[in-house]
There are 4 protein chains.
Amino acid sequence: MADPIELVGAHGRAGRSTVEVGGAEIGPGTFTLIAGPCAVESAEQTLQAAQMAVSAGASLLRGGAFKPRTSPYAFHGLGPAGLRILSDVRAATGVPFVTEVLDTRDVDLVADHADMLQIGARNMQNFALLRAVGTTRRPVLLKRGLSATIDEWLLAAEYIAAAGNENIVLCERGIRTFENATRNTLDISAVPVVQKMTHLPVIVDPSHSGGRRDLVLPLSRAAVAVGADGLIIECHPVPEVALCDGPQALGPEDMPELAALMKDVPRLAGRAVA
Amino acid sequence: MADPIELVGAHGRAGRSTVEVGGAEIGPGTFTLIAGPCAVESAEQTLQAAQMAVSAGASLLRGGAFKPRTSPYAFHGLGPAGLRILSDVRAATGVPFVTEVLDTRDVDLVADHADMLQIGARNMQNFALLRAVGTTRRPVLLKRGLSATIDEWLLAAEYIAAAGNENIVLCERGIRTFENATRNTLDISAVPVVQKMTHLPVIVDPSHSGGRRDLVLPLSRAAVAVGADGLIIECHPVPEVALCDGPQALGPEDMPELAALMKDVPRLAGRAVA
Amino acid sequence: MADPIELVGAHGRAGRSTVEVGGAEIGPGTFTLIAGPCAVESAEQTLQAAQMAVSAGASLLRGGAFKPRTSPYAFHGLGPAGLRILSDVRAATGVPFVTEVLDTRDVDLVADHADMLQIGARNMQNFALLRAVGTTRRPVLLKRGLSATIDEWLLAAEYIAAAGNENIVLCERGIRTFENATRNTLDISAVPVVQKMTHLPVIVDPSHSGGRRDLVLPLSRAAVAVGADGLIIECHPVPEVALCDGPQALGPEDMPELAALMKDVPRLAGRAVA
Amino acid sequence: MADPIELVGAHGRAGRSTVEVGGAEIGPGTFTLIAGPCAVESAEQTLQAAQMAVSAGASLLRGGAFKPRTSPYAFHGLGPAGLRILSDVRAATGVPFVTEVLDTRDVDLVADHADMLQIGARNMQNFALLRAVGTTRRPVLLKRGLSATIDEWLLAAEYIAAAGNENIVLCERGIRTFENATRNTLDISAVPVVQKMTHLPVIVDPSHSGGRRDLVLPLSRAAVAVGADGLIIECHPVPEVALCDGPQALGPEDMPELAALMKDVPRLAGRAVA
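Remember, it's a predicted structure, so these values are computed and weren't measured experimentally.

Q: Any chance you could break down the overall build of chain A for me, citing the residues and the numbers?
A: Assigned secondary structure in chain A consists of 9 helices and 11 strands. Projecting the C-alpha coordinates of chain A onto the three principal axes gives extents of approximately 45 × 45 × 40 Å. Going through the 274 residues of chain A one by one, you find that 68% of them count as buried. For chain A, long-range pairs separated by at least 24 residues make up 70% of all intrachain contacts whose partners lie at least 6 apart in sequence.

See the structure below:
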């Protein structure tokens, strides 16, 4: 790399790091499933999605209270009410959650509720936001930008680390290419490439990569096999009525296959499930 | 477009709009040169760059007080002190200025100083920031994201308009492709395409597109010829010592050719210079 | 460049080269319009398109007898009969023509008829074909591949030159990117970049770049302004019934504007029209 | 798809097809390893690479006698002498081989020697060559073009089928994107996407995808897991002195890990090895 990544670079470390999130671990010694709805729509929908996630082996929940949407007229999430729902679902299930923060002014509020803060793909080079989450004590899930090079992605992580927070998990979620058969192009090679360059854990988001429900399981298997440290997957009790990204959400009928994959991880990847 | 652009779309308008910035106009009836340094480094450097810009025909200055940089260890601008320098240079030259805002928490501060607020390429889908500048009374320069489709770019403008501010100028500044001979690939076709879809003015940034000083003039001529409403160009009194983007900055010796091009605009494009 | 371009590189040359095609010149001292139909469909259609081309200022005709098509079930051209039609139209108009060759086995046949051989974008790295046209005495029009870097494009030209034929004209025709508002993304910067790297002439194809009739004139103006050595444009007497690429073909009603642009070239670019 | 793929489309077929190559099978019921050197350099080097391939579980050899190279001054293979070496190695090992054909004029010659004809990425839309291999009785390995959409790739296969030859195996070998950490970006999602659209087998080339030796095994595991029907991998007895693509070739010390992966395929993918 042309620019230095003093803090997140692999140099001078004996092994890769493990990040602890509300009792769940993400790192080289385990394989971690994060699952839940794209957006928090209601208490009931979120709880049901969380129960689906747990049934499949998730040790961490996901769900969006603040949603970045391409159009100003789309559903943008429930905001603070969504955070309260997520907290209630955590209390009900005993499972911690990660949720996205979009605005530097909301970082403290989101950090007060969430176990982990997500920086989404569109904010990967929102440097003010990177610095702001870097000053919290919450672990951060840093998604790769749609057209971010691996070097730029690691430098974005370095921003967070340089602000004081090294509890960072990287998430490959597909890049933008000329191919339109999938929503994005999962850059599966990025997982081993990044695992050599940084000590941070690297997980894969097969939901946004493909943008298609039928690709989630095949891409999840590829992620396990290539050596990823975990998965983040969208699920919904009734994908057909989801307010956001329904076509890529797994439904209740898909959970057994995901659960079976998670049970197979020790055999496939030589790792325990987190 | 799949999503509606009620406010910025071309539909139902007799012609394209003109945006007024501190007395300077950007729109279909004129051709506007915006020029100045990438970053405000000192009062002297900024004043010199502004005088260069004015000598070439600029009616609006540019200069960064808050700089988004790929690395956390790079120069990030002088911040509020940079805004004061820009205000002083405006007083000295009588020419208004545009400067970038990176953080929702800084919008009021920047709007207090600047004549126009810039949303940079990396923040084109920082929706919180789009909304925040939409609530100000300052015109906004909205750069296209590195991998933003034209549809996404117009929806980003719609965010600003939907928040109450329709004084928006779009800026094509190159997209990310496989070609590395240039820093980005100037999508010159985007100018006529966007001018059909929206009533907003569209300008071109040849400096970031090519990333090379030797390409700035040829790309500027192409922009004039294709029908752009203006240019935004980086210049520096001593590009070799610039703290940011020196290789693409025009120096004093390049100003006569730029001035000649501006004088030629009426003949080349059938427009007066703003 | 990592690889050498001994023959087509700009090094050690006093100026850029001019290629002579059946009496027409392409090079730095002139500006050359090549125009005609995408495909030769009939004698009448080809003659009419040629007359349109000449009326607009073309000094070289284009027309496909062998057409590379994405689908095996599309119209693939009239083949040898198309070459005879093109020869007849040359006799009738007195204007030479360029046509594409797709197969090494057809090179001699096409070279017997045509004044210039075109290598299309999809064959830019068909190295056997490059060598084959390099052994003829016909000038070659080498289109840039859809995803070819500038380095690869120049090395493709070097193949032709290394086989013995240095009469090569390069054609920028748009590259494949994520943006779908246009058929391809015209890489207008490639023109000045390549003119520095090689002594060969460089022209622009605004028809395939945009894939839209309404963009042909604006992109042509941009090409003139950026310093291209010519244009290659598709026209058809009745675009609505064209067997190939009708949406991007200029029709009779567009010719006056194209003719006006050509008349303006000396003023816009300081060059005589070839 | 906009264009029809009557012959290679999945419609109206009970299952996916199996292609038989000199006794080896490629299809849904097995998992097939194809391995060997990038280029045939000598009889000894080719035999050694073939023995390495067989030791790892290959049932089909690869090796280039005609090599497409970006530069005209690079090593272009031994040509007919290379074909004779490959035939000798087949006789010595009892294992069939696939080799690339670059020129329509060489199709008969190559088909006389090889068990399977490869169409390389740069020739995926060399339609004359597609038709020519379609008239032979040899099975065809069709690599995806560097910037070919999945639709275009399937239509290229349809060309071969329409010429009379339905024994086609598709090979995903990475696409060209903005990311330069790898030589190409392996589009792992293409495997399940294409397996739904066509009845043809689909294999993965991890060597050209990543362009790095250290990525070959991780990407191979991902290919097995995602459901590919096989792999094509480059190996060389002494990668450091390879005349072509040495940095991505596996060496003797890598064979045990590849052999172990192949032994694991039944467990990982529920398939026998071909």
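Q: How would you explain the packing of aromatic side chains if you had to name every residue and give the values?
A: In this description, a pair of aromatic rings is defined by centroid distance and the angle of the planes. All names here are of chain A. With the rule as written, the count across this model stands at 4 aromatic pairs over all chains. The interplanar angle of 25 degrees and the centroid separation of 4.5 Å between the aromatic rings of Phe-127 and Tyr-159 together place this pair among those described as stacked. Of this pair, Phe-127 sits in helix α4 (residues 127-134) while Tyr-159 sits in helix α5 (residues 150-162); the two residues are 32 residues apart in sequence, bridging distant segments of the chain. A single burial state applies to Phe-127 and to Tyr-159, both of which are buried.

Q: Pulling in residues and values, what's your account of the relation of the copies chain D and chain B?
A: For the pair chain D and chain B, the best superposition has an RMSD of 0.0 Å and corresponds to a rotation of 180 degrees with a translation of 0.0 Å parallel to the axis. The two molecules are tied by a two-fold rotation axis, judged by turn and shift. No C-alpha of chain D lies nearer the rotation axis than that of Phe-178 of chain D, which sits 2.2 Å from it. In this assembly the copies share their binding face: 100% of the residues contributing to the interface of chain D also contribute to that of chain B.

Q: Pulling in residues and values, what's your account of helix α9 (residues 255-269) of chain C?
A: All names here are of chain C. If you check α9, its first and last C-alpha atoms are 20 Å apart, about what 15 residues at 1.5 Å a residue would give, namely 21 Å. The sharpest bend along α9 measures roughly 40 degrees and falls at Lys-263, with the proline Pro-266 sitting one to four residues further on. What α9 keeps buried is the set Met-255, Leu-258, Ala-259, Leu-261, Met-262 and Val-265. Looking at the buried residues of α9, the elements they touch are β3 (30-36), α1 (43-56), α8 (213-226), β10 (230-234) and β11 (272-273). Within two residues after α9, Gly-270 carries a phi angle of roughly 65 degrees, on the positive side.

Q: Can you break down the interface of chain D and chain A residue by residue, with the values?
A: Opposite the 32 residues of chain D that make contact, chain A presents 32 residues. Overall, the association of chain D and chain A removes approximately 2,500 Å² of surface from exposure, summing both partners, and the carbon and sulfur fraction of that is 67%. On inspection of chain D and its partner chain A, the count reaches 4 salt bridges. As a salt-bridge pair, Asp-214 of chain A and Lys-196 of chain D come within 2.8 Å of each other at their nearest N and O atoms. Summed over the shared surface of chain D and chain A, the number is 7 residue pairs in polar contact (both at pLDDT 80 or more).

Q: Describe the relation of the copies chain D and chain A, listing the residues and the values that go with them.
A: Each of the two copies of the chain can be brought onto the other by a rotation about an axis and a shift along it. When chain D is brought onto chain A, the operation consists of a screw motion whose angular component is 180 degrees and whose axial shift is 0.0 Å, with 0.0 Å RMSD remaining. Looking at the interface residues of chain D, 100% of them are also at the interface in chain A, so both copies use one shared face.

Q: Tell me what's going on with the interface of chain D and chain B, and back it up with residues and numbers.
A: Listed per partner, the contact involves 4 residues of chain D and 4 residues of chain B. Here chain D and chain B share an interface that buries about 290 Å² over both sides, 63% of which is from carbon and sulfur atoms. Looking at the side of chain D facing chain B, the largest losses of area belong to Arg-176, Phe-178 and Asn-180 of chain D, adding up to 91% of the total buried there. In this structure, the connection of chain D to chain B is made through 0 salt bridges. At the junction of chain D with chain B, the criterion picks out 0 residue pairs in polar contact (both at pLDDT 80 or more). In terms of residue class, the side of chain D that touches chain B is made up of 1 nonpolar, 2 polar and 1 charged.

Q: Can you explain the side chain of Glu-152 of chain D? Please cite residues and give values.
A: Following the sequence through the fold, Glu-152 of chain D ends up in helix α5 (residues 150-162). Residue Glu-152 of chain D is classed as buried on the basis of its relative accessible area, which comes to 10%. Contacts of Glu-152 of chain D, omitting those with residues within four sequence positions, involve Thr-70 and Arg-176 of chain C together with Met-124, Gln-125 and Ser-147 of chain D.

Q: With reference to specific residues and values, describe the pairing of strand β8 (residues 168-172) of chain A.
A: Residues and elements named next belong to chain A. When you tally the buried positions in β8, you get 5 out of 5 residues, the bulk of the element. Side chains Ile-168, Leu-170 and Glu-172 project from β8 onto one buried face, and the interleaved Val-169 and Cys-171 project onto a second face that is buried too. With 4 bridges connecting them, strand β7 (residues 140-143) and β8 associate as parallel partners. Paired with Leu-142 across the bridge in β8 is Leu-170. In this region the chain leaves β8, passes through helix α6 (residues 190-197) and returns to the parallel neighbour strand β9 (residues 202-204); the handedness of that crossover is right-handed.

Q: Before we move on, can you summarise the packing of helix α1 (residues 43-56) of chain A against helix α2 (residues 80-93) of chain A with the specific residues and values?
A: Residue and element names in this part refer to chain A. Two elements in contact, α1 and α2, have axes separated by 10 Å at closest approach and are oriented at 40 degrees. Relative to α2, the element α1 lies oblique. The handedness of the crossing between α1 and α2 comes out as right-handed. Contacts between α1 and α2 involve Ala-43, Thr-46, Leu-47 and Ala-50 from the former and Ile-85, Leu-86, Val-89, Ala-92 and Thr-93 from the latter.

Q: Provide a residue-level description of the environment of Leu-141 of chain D, including the pertinent values.
A: All names here are of chain D. Here Leu-141 lies in strand β7 (residues 140-143). Judged by relative accessible area, Leu-141 falls into the buried class, the value being 0%. Apart from residues lying up to four places away in sequence, Leu-141 is in contact with Val-98, Met-116, Leu-117, Gln-118, Ile-119, Val-169, Cys-171, Ile-203 and Ile-232.

Q: Run through unusual backbone geometry, naming residues and quoting values.
A: With glycine set apart, most residues show a phi of negative sign, and most peptide bonds adopt trans. For Asp-245 of chain B, which is not glycine, the phi torsion reads 60 degrees and is therefore positive. Taking relative accessible area as the criterion, Asp-245 of chain B reaches 18% and is therefore assigned buried.

Q: Give me the environment of Gly-210 of chain C: which residues, what numbers.
A: All names here are of chain C. Mapping Gly-210 onto the fold places it in helix α7 (residues 206-210). Taking the C-alpha atoms as reference points, Gly-210 and Asn-180, separated by 30 residues in sequence, lie 9.8 Å from one another. Not counting residues within four places of it along the chain, the set of residues in contact with Gly-210 comprises Thr-182, Arg-183, Leu-215 and Leu-219.

Q: Pulling in residues and values, what's your account of the side chain of Thr-104 of chain A?
A: One can find Thr-104 of chain A in the loop between β5 (97-100) and α3 (107-113). In this view, Thr-104 of chain A contacts Ala-128, Leu-129 and Ala-132 of chain A together with Asp-103, Thr-104 and Arg-105 of chain B; residues no more than four positions away in its chain are not counted.

Q: Which residues make up the pattern of salt bridges, and what are the values?
A: Residues and elements named next belong to chain A. Applying the stated criterion across every chain, the model contains 60 salt bridges over all chains. Ionic pairing is found between Arg-90 and Asp-115, a salt bridge with its closest N-O pair at 2.7 Å. Residue Arg-90 is found in helix α2, and its partner Asp-115 is found in the loop between α3 and β6 (116-119); the two are separated by 25 residues along the sequence. Owing to a relative accessible area of 22%, Arg-90 belongs among the partly exposed residues under this scheme.

Q: Give a detailed account of the packing of α1 of chain C against α9 of chain C, specifying residues and quantitative values.
A: Residues and elements named next belong to chain C. The N-to-C vectors of α1 and α9 enclose an angle of 35 degrees; their axes lie 8 Å apart at closest approach. The segment α1 lies against α9, with Met-52, Ser-55 and Ala-56 engaging Met-255, Leu-258, Ala-259 and Met-262. Broken down by class, the residue content of the contact of α1 with α9 amounts to 6 nonpolar, 1 polar and no charged.

Q: Summarise the environment of Ser-220 of chain B; cite the residues concerned and give the values.
A: Residues and elements named next belong to chain B. Position of Ser-220 among the secondary structure elements: in helix α8 (residues 213-226). Taking the C-alpha atoms as reference, Ser-220 lies 22 Å from Pro-96; in sequence the two are 124 residues apart. Apart from residues no more than four positions distant in its own chain, Ser-220 is found in contact with Pro-206, Leu-231, Ile-233 and Leu-261. A distance of 2.7 Å separates a polar side-chain atom of Ser-220 from the backbone oxygen of Val-216.

Cut-offs used in this document
Residues numbered from 1 in each chain as written. Chains lettered and ligands numbered in written order. Predicted model: local features only at pLDDT ≥ 70, side-chain atom pairs only at ≥ 80, totals over all residues. Heavy atoms only, no water. Helix = DSSP H or I, 4+ residues; strand = E, 2+ residues; numbered from the N terminus. Buried < 20%, exposed > 50% of the residue type's maximum accessible area, 1.4 Å probe, protein only. Contact = heavy atoms within 4.5 Å. Phe/Tyr/Trp six-rings, centres within 6.5 Å; stacked < 30°, edge-to-face > 60°. Least-squares fit on C-alpha atoms with pLDDT ≥ 70 in both. Expected span 1.5 Å × (residues − 1). Bend = angle between axes of the 7 residues up to and from the residue. Buried area = accessible area lost by both parts, 1.4 Å probe. Salt bridge = Lys/Arg side-chain N within 4 Å of Asp/Glu carboxyl O. Polar contact = N/O pair within 3.5 Å; in protein donor to acceptor, adjacent residues only side chain to side chain. Nonpolar A, V, L, I, M, F, W, Y, C, P; charged D, E, K, R; others polar. Pairing = 2+ DSSP bridges. Right-handed = clockwise from strand over helix to strand, strands pointing away. Axes fitted to C-alpha atoms, helices over the stretch in contact; angles between N-to-C directions. Parallel < 35°, antiparallel > 145°, perpendicular 65-115°, else oblique. Left-handed = near helix turned anticlockwise from the far one by under 90°.

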